[in-house]
Amino acid sequence: MNTNAEELYKRIQQNPEYTQSLFRQALQDPQGALQSICDLGKTIELPVTIEEVKSYLASLDDEDTKKWVIKARGGL
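Let me sum up the structure you'll find in this document.

Rules of the game
- Residues numbered from 1 in each chain as written.
- Predicted model: local features only at pLDDT ≥ 70, side-chain atom pairs only at ≥ 80, totals over all residues.
- Heavy atoms only, no water.
- Helix = DSSP H or I, 4+ residues; strand = E, 2+ residues; numbered from the N terminus.
- Buried < 20%, exposed > 50% of the residue type's maximum accessible area, 1.4 Å probe, protein only.
- Contact = heavy atoms within 4.5 Å.
- Areas by Shrake-Rupley, 256 points an atom, 1.4 Å probe, with all protein chains shown as cover.
- Core = buried A, V, L, I, M, F, W, Y, C linked by side-chain atoms within 4.5 Å.

### A few points about the overall build of the chain
- Helix and strand content of the chain: five helices and zero strands.
- A buried classification covers 33% of the 76 residues belonging to the chain.
- Pairs at least 24 apart in sequence give 58% of the contacts found in the chain among residues at least 6 apart.
- About 5,000 Å² of surface is accessible on the chain, with carbon and sulfur atoms providing 48% of the total.

### Some thoughts on the nonpolar core
- Membership of the largest hydrophobic core comes to 15 residues, with the highest contact counts inside it found for Leu-8, Ile-12, Ile-37, Val-48 and Val-53.
- Taken together, the elements giving at least two residues each to this core come down to α1 (4–13), α3 (30–43) and α4 (50–59).

### Structural notes on unusual backbone geometry
- For Glu-45, which is not glycine, the phi dihedral falls at a positive 60°.
- Relative accessible area serves as the criterion here: at 68%, Glu-45 is assigned to the exposed category.

Have a look at this one:
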């Protein structure tokens, strides 16, 4: 899967501030976190939809990501 979601996820992973901020938001407001990811993508010219983000995260075989998705699942 080669999409903007993949590149955006890589950039988020490389920036601890993005990672921490989005994780905290996902715990309190999962839909808001997804929207924040989409907004960030638009800002850095890697536009994604919420469905693309969900699909990409579901495709990963990464323990940390799975934990994030499980925490955020309540609103997903």
